[in-house]
Amino acid sequence: MDFSVSPRMVDVVARIRAFFESDIVPLEKELVARHSFRALLPELAAGREKVKALGLWAPQLPVAWGGMGLRLTEHARVSEELGRSPLGHYLFNCQAPDAGNMEILMEFGDDGQKERFLKPLAAGKIRSCFSMTEPDLPGSNPTWLATKAVLDGDHWVVDGHKWFTSSAEGAAFAIVMAVTEPDAPPHARASQIIVPTDTPGFRIVRNIAVMGEPGDDYGSHAEVMYEGCRVPRENLLGPRGGGFFVAQERLGPGRIHHAMRWIGIAERAFDLMCRRAATREIAPGKKLAHKQIIQGWIAECRAKIDAARLYVLHTAWRIENEGAHASRDGISAIKFFCADVLTEVLDRAIQVHGALGLTDDTVLAWFYRHERAAHIYDGADEVHKVSLAKRILRGYGVDA
Ligand SMILES: Cc1cc2nc3c(=O)[nH]c(=O)nc-3n(C[C@H](O)[C@H](O)[C@H](O)COP(=O)(O)OP(=O)(O)OC[C@H]3O[C@@H](n4cnc5c(N)ncnc54)[C@H](O)[C@@H]3O)c2cc1C
């Protein structure tokens, strides 16, 4: 097995690290202190222009769409680097949910949809959101949706109630999962429909505070009403009734992006933990680093982060070489495995910082508040565990 990194990726990572220190860290301090994404929009726009000038824009997109054209295994490494800050992915235009939406539009969008929605998204001129989860039905069983879209002449009329539509505030359009074929089998009932947010009937009820963070602009999670939203029938994205098929397609690469972002966060927390242990004196001449219990945490965290990274990279390699279907065990397993590593390392790092770890004087508390959700979004951990175990048990003749 060859674990080496290509010279191109060594160079890309080095340039991202330099930009991280010079530009991202100062902006991140502002974000954490002010608790507002919107307040930083002018600086973020300037930062995005710098990223473009550095030739590091949209690493996951093909060159034809203005990106770097990296392979999945290569972008995985970039995603880790960018994950070390809450602003990294946004500055490079590979942030969720836009990255997934770009992927769907590239694969399933027609020429008109690509021109109107993908082109400005790829250029960073607009943002988007993905609207599937509903407050009154379990997101863990996404085939069960109340939101409907009915064809009326040349228009789809969308009615429904969604929540946790991340980044809806300020987004130019939503990709909405809605039932269009109510009589079809569960997995063929829903379709994806593009709803521009200036469509009459699209209404943000509120941004939902998460762990006390009110959220705004890109950094928000909205409750949204779709009340008789009429959009042209050409806004159907992918085949009728193909909503879940399309969603599945974005799942594999999207999971790699998320998991590597989490590893980046864990690396950042690990670095802060070690720095603190190496400098904090708990008695004259005695540092936290001298305590075996802290040494044990450092060693365990190191091993867990490295194991998680290898697992994700191997899964990314399998997706590239064998396809998403053949890699589905890894795609399930890295979700809960990396989420566990992420929250454990964050928790240890906060503990080592003592009271300081709970303040906004470091980025740790920000990550802790925002990333507890890692066990819930992108499919609750338990759902992935159950589906992995069922596949394993099938090999033992048990249909669980
Ligand atoms: C920060 C954040 C951002 C999000 N962004 C988006 C977004 O942009 N767009 C969007 O559409 N949605 C988004 N979501 C919603 C997310 O996808 C759902 O929260 C998730 O699918 C879980 O659905 P639920 O909250 O309805 O929980 P439920 O489905 O009610 O599940 C509750 C709990 O039950 C357990 N559980 C569920 N199923 C099983 C099972 N089969 N076996 C055992 N235990 C089980 C799990 O522990 C789960 O956490 C976001 C959520 C969060 C927290």
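Analysis parameters
Residues numbered from 1 in each chain as written. Predicted model: local features only at pLDDT ≥ 70, side-chain atom pairs only at ≥ 80, totals over all residues. Near = placed C-beta within 6 Å. Helix = DSSP H or I, 4+ residues; strand = E, 2+ residues; numbered from the N terminus. Domains from an automatic or database assignment. Contact = placed C-beta atoms within 7 Å. Nonpolar A, V, L, I, M, F, W, Y, C, P; charged D, E, K, R; others polar. Buried ≥ 20, exposed ≤ 12 C-beta atoms within 10 Å, placed from the backbone. Pairing = 2+ DSSP bridges. Core = buried A, V, L, I, M, F, W, Y, C linked by C-beta atoms within 7 Å.

## Some details on the site of the ligand
In the vicinity of the ligand there are 20 residues, among which Met132, Pro138, Gly139, Ser140 and Ser166 approach most closely. Contributions of two or more residues to the shell around the ligand are made by strand E1 (128-131), strand E3 (155-166) and helix H11 (381-394). Looking at the shell around the ligand, you find at least three residues from each of domain 2 (128-237) and domain 3 (244-394).

## Some thoughts on unusual backbone geometry
Here the amide bond leading from Ala96 into Pro97 is cis, since omega sits at -5 degrees, within 30 degrees of zero. In this model, His35 sits at a positive phi of 55 degrees, which is unusual for a non-glycine residue. Within the secondary structure, His35 sits in the loop between helix H1 (7-34) and helix H2 (41-53). With a phi close to 60 degrees, Asp378 is a non-glycine residue in the positive phi region. With respect to the secondary-structure elements, Asp378 resides in the loop between helix H10 (364-371) and H11.

## Some remarks on the domain arrangement of the protein chain
Once the domains are mapped, the protein chain shows domain 1 (7-122), domain 2 (128-237) and domain 3 (244-394). Counting residues at the interface gives ten residues for domain 2 and eight residues for domain 3. Among the residues forming the side of domain 2 that touches domain 3, the class breakdown is four nonpolar, five polar and one charged.

## What to know about helix H5 (residues 98-108)
Within H5 the residues assigned to the buried category are Asp98, Ala99, Gly100, Asn101, Met102, Ile104 and Leu105. Where H5 is buried, its residues meet helix H6 (111-122), E1, strand E4 (173-179), strand E8 (236-237) and helix H7 (243-279).

## As for the pairing of strand E5 (residues 190-196)
Where burial is concerned, most of E5 is hidden: six out of the seven residues are buried. Of the pairings in the sheet, the one linking E4 to E5 comprises seven bridges and is antiparallel in character. Residue pairing in the sheet places Phe173 in a bridge with Pro196 of E5. By the bridge criterion, two bridges tie E5 to E8 in an arrangement that is antiparallel. Looking at E8, one finds that Gln192 is bridged to Leu237.

## Topic: the nonpolar core
Generally speaking, soluble globular proteins have nonpolar side chains that are buried together. If you look at the biggest cluster of nonpolar residues, it comprises 100 residues, and the most contacted ones within it are Ile193, Val195, Ala269, Val312 and Cys338. Sorting elements by how many residues they give to this core places H7 first, with 14 residues. Setting aside residues up to four positions removed in sequence, Val195 forms contacts with Val158, Phe173, Ala174, Val176, Phe202, Tyr226, Cys229 and Val231.

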